[in-house]
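Coordinate analysis (summary)
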Amino acid sequence: MVDLSLEFCGVKFPNPFTLAAAPTTDSAEMVARAFEAGWGGAILKTTSVETEVVELVYPMMSGIDFEDKKLMGLQNIDLISERHIDEVEKDVKALKKEFPDRVVAASIMGAEKEDWQELVRRLEAAGVDLIECSFSCPHGMPERGMGSTIGQDPELTERTARWVKEAAERVPIVIKLTPQIADITAAAHAVKRSGADGVCAINTLKSLIGVDLDTFIPYPNVGGYSTYGGYSGPAIKPVTLRCVAEIAKSVDIPIAAVGGISTWMDAVEFLLLGATNIQLCTAVMRNGFRIIEDLIDGLTVYLEEKGMKSVTELVGKALPYIVDHSKLSRDYKVVSAVNRETCIKCDVCYIACMDGAHQAIELDENRIPVINEDKCKGCGMCETVCPVEGCITLKPRES
Amino acid sequence: MSVRPKMRELSPEERKAGFDEVEKGLALHQALPEASRCLFCHEAPCVSGCVAGVDVVGFVRRLKTRNFVGAARLIREANVFSAVCSRVCPSEEQCEKPCSSTNLAEPIAISALHRFVADEELKRGIRPEKAGTPTGKKVAVIGAGPAGLTCAHKLARLGHEVTVFEAEEKPGGLMVYGIPRYRLPSEIAEAEIEYAISPGVNLKTGVLVGKDIPFDEIRRNSDAVFIGVGLGYKSQLDIPGHDLPGVLQAGEFLRKAALGDPPELSGRVAVIGGGNVAMDAACSAVRAGASEVVVLYRRREEEMPAWKREREFAKTEGVEFRYLTAPQRFVEKDRKVAGIECVSTKLGEPDSSGRPRPEFIPGTEHVIDVSYVILATGQGPWPEISSVFGGIRFNASGTIKVSPETLATSIEGVFAGGDAVNGGKTVVQAVADGKLAAKSINDFLS
Ligand SMILES: Cc1cc2nc3c(=O)[nH]c(=O)nc-3n(C[C@H](O)[C@H](O)[C@H](O)COP(=O)(O)OP(=O)(O)OC[C@H]3O[C@@H](n4cnc5c(N)ncnc54)[C@H](O)[C@@H]3O)c2cc1C
Ligand SMILES: Cc1cc2nc3c(=O)[nH]c(=O)nc-3n(C[C@H](O)[C@H](O)[C@H](O)COP(=O)(O)O)c2cc1C
Ligand code: SF4
Ligand code: SF4
């Protein structure tokens, strides 16, 4: 049996899969169903003090499809929870009682120092295992000087994180970062300096998901007007991977990864880049809590096949392989090779090389691509477009 | 919207050369896009379409995330004969029939995806199971078809001491002695039979219950019994000349073919019947040397009991269908069958089966020249079954009477399932029965 449990900021999670702060965690009933399905932890939807007025607008969700695939990305103009800390306190108590082995964390957001500190003290007393602070919501909240306004400024980040950390007696403090910053490691360093315990990367990317071609009103249309939102889902995964890797390589701090994770394979990538907690939001909103079955089973089988006993063996294993561009070898040369047996003669590699690369593919009399090795630079464009798994590969050149 | 992929198959020409498997399975680049076409429905209708209860949504999602091992294990828990069923299930009538994707384009190719997963598993080797902690209870299983083997497998994993009695030399029932190899290669069935008995099932082959050992003795020596003896082939069309050389029984013919030793045929071969057995006999005849194969059926195509996919399969192989044609007698030449005298029919009022009764049209008698005839008039209960299993109650048709919720027969502690109970359905139904019976037997013993 492999061990999926993982420690994050000193808190033991039975498995790394955690629900991100989002609508999926906005009530104890929902989180209880998720825990029953097998989720290791949950960050309850971001809450604030009673005086912070939350007025939501609808519709708030808009999706973007990639050709025939639904929901490559999701944009929301949701705000923090309409439920204030008093209700969240009750949820925390109920959940900790029913699921003592799962991690129940709260997510908070405040304007003043007093708000932040009051939130921490009350939630700590209610029994949370961990507190996440949103310095990162890119829409709505920044208009009030909250959310990503803080996360985009390392000084504000350090100062606010310090307030929060000061107030916490027992629970670890995690700061949720925004990718909307020139250098995310600067924000992570700021968190480290504040004494807070960990970072969570990343919140949504500020976006505008589309414009209605008939009414000229961008999506979502809220009574004739629209606004910018937060972009999440599979489309943002590469951005999250980059953020997590950059932080892991330069700051010694525990990292929770969130942003575009949908499968156990995505999770493994983030673990390999040094994350020790894996959060999901859009994938759960789309396919339900039940995806935990495949996440756990897939990760378990993967570890079994790799002969590993514990998920901890994966953490950070990919980091040594990331270097600066200037450090990459200029002597490494590859050339494209086509498998004539599996080729389906679609010629999409031909056109991609012709108009997008180096005119190195010719078609033989059977319309099978033939690589002109003199012209091929090994850029890899052909491999990215080929619809047949393993048909085009890049082979090291014999020098 | 990507489209439902088709497996690579042998061309009609290649098929004539022998009994090689026709369908070659999906390639990875076909299986993955097909899996991601699945909508991951809530309370997915496909699951209710599989009598074995395979978690289709669950396995397709695992497949989509390349967790082939997890997908295979998930299916196998529900269906011991996973690779077999993925090949022989009439999935268009089962899991694929209610698929929600039908409303967008076409149903997800579930059995093809199922097969992809099962074949990946076979490549790695199926992980054998261990026997459960011994309970001290003994169970006898009669018949090593899919029903009996599934029941034995599940009970052994629960810790019961299980002995299977099988009349034939090899276990597997019709998976080994009936279904043609070009649809189900024998090594596939064998790998899963080995898996089925892996949790320490005792197997006694070559033991015909009722002759080599009385049923009473088996009952006395065990705490519970499962009967999964399947069906026999029906006794033959009693028309003049039916015993001429060259007139073959489909059961015998298919059995020899399945064992790798098909009788050699030549010239035009007529197959009489309209069920799946007739389709298998016709396509086997194509492979056994016939230059021409014609199926004679008394009604129209619409009334044929053979599954559509089986009919289409036969047509692809060049089998000719003559409907509304009833054989009257076999014509002899050189002490061998040389022709069939037939009469044309028209359809009248529905008979007891609900299908219109074929009526002969006088004056339409004609002779079809043939070199061989294969009689494929279907399957029915073993004639000796009621004397072998004394004390058990039977239905009028000769099938064993059971309680549908538990598969209990009229004798306490004796359960039955599979073809012997349902009158002949599918492998997956036999698997489902084997599972249900195992659960009932376990409840009965504890
Ligand atoms: C030609 C043909 C093609 C078919 N094609 C398909 C298909 O494509 N898809 C599909 O799903 N189904 C198909 N079927 C049906 C399928 O094979 C059966 O529904 C299934 O095998 C039934 O399983 P079973 O365990 O009930 O019986 P069987 O498979 O018939 O097994 C019964 C076993 O009991 C043994 N037995 C019988 N009497 C005794 C006794 N007295 N003592 C000891 N042992 C005994 C028999 O030797 C046999 O091994 C086909 C059937 C035939 C004949
Ligand atoms: C509708 C919606 C509401 C969200 N609300 C919050 C929130 O209240 N607090 C927070 O920290 N993040 C919130 N998020 C951001 C998610 O927690 C997560 O960081 C982001 O969606 C990226 O992950 P994903 O690609 O798995 O969805 C929300 C996201 C969505 C889609
Ligand atoms: S019904 Fe079809 S689309 Fe829906 S889950 Fe099942 S296979 Fe997928
Ligand atoms: S066992 Fe048969 S019916 Fe069940 S899912 Fe597989 S192919 Fe479909």
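Rules and cut-offs
- Residues numbered from 1 in each chain as written.
- Chains lettered and ligands numbered in written order.
- Predicted model: local features only at pLDDT ≥ 70, side-chain atom pairs only at ≥ 80, totals over all residues.
- Heavy atoms only, no water.
- Pairing = 2+ DSSP bridges.
- Helix = DSSP H or I, 4+ residues; strand = E, 2+ residues; numbered from the N terminus.
- Axes fitted to C-alpha atoms, helices over the stretch in contact; angles between N-to-C directions.
- Domains from an automatic or database assignment.
- Contact = heavy atoms within 4.5 Å.
- Buried area = accessible area lost by both parts, 1.4 Å probe.
- Near = heavy atom within 4 Å.
- Nonpolar A, V, L, I, M, F, W, Y, C, P; charged D, E, K, R; others polar.
- Salt bridge = Lys/Arg side-chain N within 4 Å of Asp/Glu carboxyl O.
- Core = buried A, V, L, I, M, F, W, Y, C linked by side-chain atoms within 4.5 Å.
- Buried < 20%, exposed > 50% of the residue type's maximum accessible area, 1.4 Å probe, protein only.
- 1 Å grid on protein atoms, 1.4 Å probe; cavity = no way out; pocket = protein on both sides within 12 Å on 5 of 7 lines; lining within 4 Å.
- Points joined across faces, edges and corners; volume = space filled by probe spheres on them.
- Phe/Tyr/Trp six-rings, centres within 6.5 Å; stacked < 30°, edge-to-face > 60°.
- Lys NZ or Arg CZ within 6 Å of the ring centre and 35° of its normal.

1. A closer look at the sheet that holds strand β3 (residues 17-19) of chain A
Think of a sheet as strands paired side by side through backbone hydrogen bonds, with each pair either parallel or antiparallel. All names here are of chain A. The eight strands lie next to each other as β3-β4-β7-β8-β9-β10-β13-β14, forming a closed barrel whose pairing is parallel. Averaged over neighbouring strand pairs, the angle between their axes works out to 25 degrees when direction is ignored. Sheet analysis places strand β10 (residues 198-201) next to strand β13 (residues 255-258), joined by three bridges and oriented parallel. Residue C200 lies in a different strand from β13, and its bridge partner there is A256.

2. A look at the domain arrangement of chain B
Residue and element names in this part refer to chain B. If you check the domain split of chain B, you get domain 1 (12-124), domain 2 (138-231 + 381-445) and domain 3 (247-378). The C-alpha centroid of domain 3 is placed 31 Å from the C-alpha centroid of domain 2. Taken residue by residue, the interface counts 11 residues in domain 2 and 14 residues in domain 3. Between domain 2 and domain 3 the total buried area reaches about 1000 Å² when both faces are included, carbon and sulfur atoms providing 53% of it.

3. Overview of the site of ligand 3
Around ligand 3, 13 residues are found, and the nearest of them are C38, C41, C46, C99 and S101 of chain B. Looking at side-chain class alone, the shell around ligand 3 contains 11 nonpolar, two polar and no charged residues.

4. Notes on the domain arrangement of chain A
Each assigned domain of chain A is listed with its residue range as follows: domain 1 (6-321) and domain 2 (329-396). Relative placement of domain 1 of chain A and domain 2 of chain A: their C-alpha centres are 41 Å apart.

5. Looking at the interface of chain A and chain B
Facing 19 residues of chain A, the contacting portion of chain B comprises 21 residues. Overall, the association of chain A and chain B removes approximately 1600 Å² of surface from exposure, summing both partners, and the carbon and sulfur fraction of that is 41%. At the junction of chain A with chain B, the criterion picks out five salt bridges. As a salt-bridge pair, R61 of chain B and D294 of chain A come within 4.0 Å of each other at their nearest N and O atoms. Elements represented by at least two residues in the side of chain A that touches chain B include exactly α8 (264-272) and α10 (291-306) of chain A. The leading source of residues in the side of chain A that touches chain B is α10 of chain A, at eight residues.

6. A short note on the nonpolar core
If you look at the biggest cluster of nonpolar residues, it comprises 85 residues, and the most contacted ones within it are W39, I247, I278, L280 and L299 of chain A. Listed in part, the 75 residues of the second largest apolar core include A31, A52, V84 and V141 of chain B.

7. Here's the deal with the layout of surface pockets
Roughly 1600 Å³ of internal volume is contained in the second largest pocket. Contributing elements (two or more residues each) for the lining of the second largest pocket: β6 (69-76), α8 and α9 (282-287) of chain A together with α2 (28-37) and α4 (56-64) of chain B. Looking at which element gives the most residues to the lining of the second largest pocket, the answer is α2 of chain B, with eight residues. Looking at the lining of the second largest pocket residue by residue, the class counts come to 20 nonpolar, nine polar and 13 charged.

8. Structural notes on the packing of aromatic side chains
Residues and elements named next belong to chain B. Applying the stated rule across the entire model yields 10 aromatic pairs over all chains. Between the aromatic rings of Y182 and F313, the centroid separation amounts to 5.7 Å while the plane-to-plane angle is 20 degrees, which identifies the pairing as stacked. Of this pair, Y182 sits in the loop between α9 (174-177) and α10 (186-197) while F313 is found in helix α14 (residues 308-316), placing the two residues 131 residues apart along the sequence. Each member of the pair Y182 and F313 is classed as buried. One aromatic cluster is present, formed by F19, Y182 and F313 through successive ring pairs. Positioned above the aromatic ring of F313, the side-chain terminus of R15 is 5.0 Å from the ring centre. Against the face of F40 rests R61, its NZ or CZ located 5.1 Å from the ring centre.

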